[in-house]
Number of protein chains: 2
Amino acid sequence: MILIKNGTIITENEIIDKGDVVIDASLISYAGKGKQYKEKFDKIIDASNFLVMPGFVNTHTHLAMTLMRGISDDVPLQKWLNEIIFPIEAKLTGNEVYIGTLLAIVESVKSGVTTVADFYFHMEDVAKAVKETGIRANLGFGLASKFDMDTLKLKIAEKFIEKYNNTENGRILASFAPHAPYTCTLKFMKAISERAQKMNVIVHTHLHETEKEITDFKRKYGKTPIQKLEELGFFKAKVNAAHCVYMEDTDYKILKENNSGVALNPQSNLKLGSGIPNIPKMIEYNLNLGIGTDGASSNNNLALIEDMRLTSFLAKGVSKNPELLPAKKLVEMATMTGAKNIGFENVGVIKEGYKADIILIDKNAPNLTPFTDPYSMVVYSMEPGNVDTVIIDGKIVMENREILTIDEEEVKKEAAKLVKKLLG
Amino acid sequence: MILIKNGTIITENEIIDKGDVVIDASLISYAGKGKQYKEKFDKIIDASNFLVMPGFVNTHTHLAMTLMRGISDDVPLQKWLNEIIFPIEAKLTGNEVYIGTLLAIVESVKSGVTTVADFYFHMEDVAKAVKETGIRANLGFGLASKFDMDTLKLKIAEKFIEKYNNTENGRILASFAPHAPYTCTLKFMKAISERAQKMNVIVHTHLHETEKEITDFKRKYGKTPIQKLEELGFFKAKVNAAHCVYMEDTDYKILKENNSGVALNPQSNLKLGSGIPNIPKMIEYNLNLGIGTDGASSNNNLALIEDMRLTSFLAKGVSKNPELLPAKKLVEMATMTGAKNIGFENVGVIKEGYKADIILIDKNAPNLTPFTDPYSMVVYSMEPGNVDTVIIDGKIVMENREILTIDEEEVKKEAAKLVKKLLG
């Protein structure tokens, strides 16, 4: 058992000053103040100088793309994908994806991220990295149509999901991740959704990212991808839809009616020139908004707080309404709403019975001084380096900024070597 | 003399790998590679693991507003100013502004900022903090019209400028800082510009921040503030215009023709719901674009890299052109263009004869691994905590993240105490 004592705690509905959190195995068994303890704790953390809050949930990323960080910026999405990213990805081995994923997890944890929804290939190797590092993850098995191999691919994905979904004490979930309606046939998308419903796992996919994607699709089918997919019953599965930049009112309605999740990736959308997601509209439709970073080669880092901050700025800037999305709401999006969107039900809140995914933030950092409103501090002022300690599933993964589960220096060395080879 | 050896150096036109920088007193006396030295150095810094680049220039801020950080977010600009900020500011003493400024400088330096253009009141106290900490600054003496006190105020500002402009070996410049055309009479603005021209200092002011400001002004005068000020010869002075969110084509033209500087503050503009600056238009008009954070209570931090990153995102996102503002250009804006805009001519470049304002960035941080294109790393991936060492005017102000010129812990303690008093 771990006791975190004397911290400023962000709970579901209130801020507790000088409060305690007790962790029993992987769960939070107490959050409050004034309690006397008879238990003997394995570890007591003095949180007098810390803000204690749920870890951040990154609902859309491609972890191993850390390997392609900074090698091609300031170019459009399709060029970037076809001329630079895809050729490198075609060469990536499972072990290379493993290294890239380890690196991404180190960076994620160091910025306070405790849960990620990854979406890639060589997923067995990704799972290995997730197991070893201790991060919580939903592993999306990437799929794209290819000749007559769709049935076979679906089967392989199914096997992966059977093997990994709800393993490691529920720390790992698995999901189907069809790349997009422009790389998967509609028949394939439909089959995937049906399998996902039967297996009770989410479908994680890219939807409505660029204008061209919508124009092309409408020319062919007379409606948007979301509208066409709805016709096929696609959204009967629990869907986590990344991007959603170009949307018609009907599209928002469909996502709402089906209780789908949206993964906002504003940095990636702006950086790639895809456009500005209409966040005010999404709020109007009361969608389930989670936040993602996208891969580190289109963003270019994995600090979810940056995308949370930009989500706030864009909501307010586009609507010219500074009251839209107050800081508390943004913290909820980046924690519990995100967790639900990617299939984790009791994650993202400091509350009895919830998973112990907790981060400690140094209230004494100059950029957090004076430490006034905790929500404001987290959303508008904090930087990744303010995260001191990270606990995931009741296990201390980082303490005093040192990663305890794997060798950070070794991972960075391996990754650097590997990238030299890939580019050379 | 200081030798920084074996670093990856961003110079004006190229990246030097395994290069050296030599600092002689306050100036850079060499930047290159392969040189043999006979000199005896006072200090040798091994930069094998560092990126060596010019420090960032924050062209618009109100340093002491750190004291009001996080006490009022998610409200509109005028309400924020009139109901929350102004009443607190009315009570601030010189010593309190001094403490708030010290805190802001600590935060600035820790995120790699070596030069700031401050704009506030109690400027003697601000100057004291700037002197002690070692940061480079242009101190804007804040002015607003009040009954028949304009002439007197101008005189006081003039005296301040005479006393401080071009002091401390040129590390401190001073300027006139009329608040805005809606708080200063046109007559006052004109008189200020004329004095600034005679004294050869810049005029630092807020222009075209909100839509209401433009609508109100046009109703009264039939033209925008920039157009009206141009009529009065205001832009004959060297102007640093903060914000410029709502602009007509004529306004951009006027700024271009007069070689004025723009201080972009995108985080503040979005957060306050003022709107989104039209950066693509500014690029089209080839304006002198510098970047600022604005005060820490409307942003809410002083890490210039965040505003640099957002400038890139907005340029690309609004224009839907990801090739607009490549990373190298953004680094230039955040260093040498910014420096010029606020009156520093030989600042912001690593080059012989330039001021030694240099920062060392840890290339081994996980978010900078693999360390590929240095411009991309700085603009898209780095975080404040990656800054290891900061040299300003040839003096080491921070080393291994420790501030050497003042006592950081003492400043934070004082600031926290003070804020408790102000709010209580």
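For clarity, every value in this text was computed on a predicted model and none was experimentally measured. Throughout, residues of each chain are indexed from 1 in the direction in which the sequence is written. Chain letters start at A and ligand numbers start at 1, both assigned in the order the entries are written. The predicted nature of this model means local features are confined to residues of pLDDT at least 70 and side-chain atom pairs, given and counted, to a pLDDT of 80 or more, with totals for whole chains, interfaces and linings taken over all residues. Only hydrogens and water are removed before side-chain values are computed, so all heavy atoms of the structure are retained for them.

Asker: Go over the overall build of chain A, please, and point to the residues and values.
Answerer: When you go through chain A residue by residue, the secondary structure sums to 14 helices and 17 strands. The globule rule is 2.2 Å times the number of residues to the power 0.38, and the radius of gyration it is compared with is taken over C-alpha atoms. For 424 residues, the compact-globule estimate of 2.2 N^0.38 gives 22 Å, and chain A sits close to it at 21 Å. Considered along the principal axes of its C-alpha atoms, chain A spans approximately 65 × 50 × 40 Å. Here chain A holds 424 residues, and 65% of them are scored as buried. Residues are treated as being in contact if the distance between any of their heavy atoms lies within 4.5 Å. Long-range pairs, those at least 24 residues apart, make up 72% of the contacts in chain A between residues at least 6 apart in sequence. The way it works is that DSSP assigns letters per residue, a run of H or I at least four long becomes a helix, a run of E at least two long becomes a strand, and they are numbered from the N terminus. We call a residue buried when its accessible area falls under 20% of the maximum for its residue type, exposed when it is over 50%, and partly exposed in between, using a 1.4 Å probe and counting protein chains only.

Asker: Which residues make up the packing of helix 2 (residues 94-110) of chain B against helix 3 (residues 123-133) of chain B, and what values go with them?
Answerer: All names here are of chain B. To obtain each axis, a line is fitted to C-alpha atoms, and for helices this fit is confined to the stretch in contact; angles are then taken between N-to-C directions over 0 to 180 degrees. At a minimum axis distance of 8 Å, the contact between helix 2 and helix 3 shows a crossing angle of 35°. Like other packed secondary-structure pairs, helix 2 and helix 3 cross with a definite hand, here right-handed. Counting all contacts with helix 2, which are made through G94, N95, V97, Y98, T101, L102 and I105, the residues of helix 3 involved are D125, V126, K128, A129, V130, E132 and T133. Three classes are used: nonpolar for Ala, Val, Leu, Ile, Met, Phe, Trp, Tyr, Cys and Pro, charged for Asp, Glu, Lys and Arg, and polar for all others, with Gly counted as polar. Split into classes, the residues belonging to the contact of helix 2 with helix 3 amount to 7 nonpolar, 4 polar and 3 charged. Helix crossings fall into two classes, left-handed where the near helix is turned counterclockwise from the far one by less than a right angle and right-handed where it is turned clockwise.

Asker: Explain the nonpolar core residue by residue, including any values.
Answerer: Take the buried Ala, Val, Leu, Ile, Met, Phe, Trp, Tyr and Cys residues and link them wherever side-chain atoms come within 4.5 Å; each set so joined is a nonpolar core. Counting residues in hydrophobic clusters, the biggest one holds 237 residues, and the most contacted among them are F56(A), F176(A), V378(A), F56(B), F176(B) and V378(B). Residues I16(B), A356(B), L360(B) and I391(B) belong to the second largest nonpolar core, which totals 20 residues.

Asker: Now, about the relation of the copies chain A and chain B: what can you tell me, with residues and values included?
Answerer: In this structure, two copies of a chain are linked by a rotation about an axis accompanied by a shift along it. Only residues with pLDDT of at least 70 in both copies contribute their C-alpha atoms to the least-squares superposition of the copies. Of the transformation superimposing chain A on chain B, the axial component is 0.0 Å and the angular component is 180°, with the fit at an RMSD of 0.0 Å. On the angle and the small slide along the axis, the relation comes out as a two-fold axis. When each C-alpha of chain A is compared by its distance to the rotation axis, G385(A) comes out closest, at 2.8 Å. Taken as a fraction of all interface residues of chain A, those also at the interface in chain B reach 100%, which identifies the copy contact as same-surface.

Asker: Account for a nonpolar patch on the surface, naming residues and giving values.
Answerer: Residues forming no salt bridge and having over 30% relative accessible area are the ones grouped into patches, like charges within 9 Å of each other and nonpolar side chains (Val, Leu, Ile, Met, Phe, Trp, Tyr) within 5 Å. Surface accessibility in these figures is a Shrake-Rupley result with a 1.4 Å probe; residues are shielded only by whichever protein chains are displayed. Salt bridge, as applied in this entry: a Lys or Arg side-chain nitrogen positioned within 4 Å of an Asp or Glu carboxyl oxygen. Residues M149(A), L152(A) and I156(A) make up a contiguous nonpolar surface patch of about 260 Å² in total accessible area. Within the fold, L152(A) resides in helix 4 (residues 150-164).

Asker: Give me the confidence of the model for chain A: which residues, what numbers.
Answerer: The share of residues in chain A with pLDDT of 70 or more is 100%, and the mean pLDDT across the chain is 96. In the predicted complex, the global pTM is 0.97; the interface-specific ipTM is 0.96. Known as pLDDT, the predictor's per-residue confidence is scaled from 0 to 100.

Asker: Pulling in residues and values, what's your account of the interface of chain A and chain B?
Answerer: Taken together, the contacts link 62 residues of chain A with 63 residues of chain B. On the chain A side of the interface with chain B, the three residues burying the most area are D74(A), F313(A) and P366(A), jointly 14% of the side's total. Between the two partners, chain A and chain B, sit 6 salt bridges. In this structure, E306(B) and R309(A) form a salt bridge, with 2.5 Å as the shortest nitrogen-oxygen distance. We define a polar contact as two N or O atoms separated by no more than 3.5 Å, with the added condition that, inside protein, one atom must be a possible hydrogen donor and the other a possible acceptor, whereas residues neighbouring each other in sequence contribute only through side-chain atom pairs. Viewed at the interface, chain B and chain A are joined by 32 residue pairs in polar contact (both at pLDDT 80 or more). As a working definition, buried area equals the accessible area (1.4 Å probe) given up by two parts on being put together, with both sides summed.

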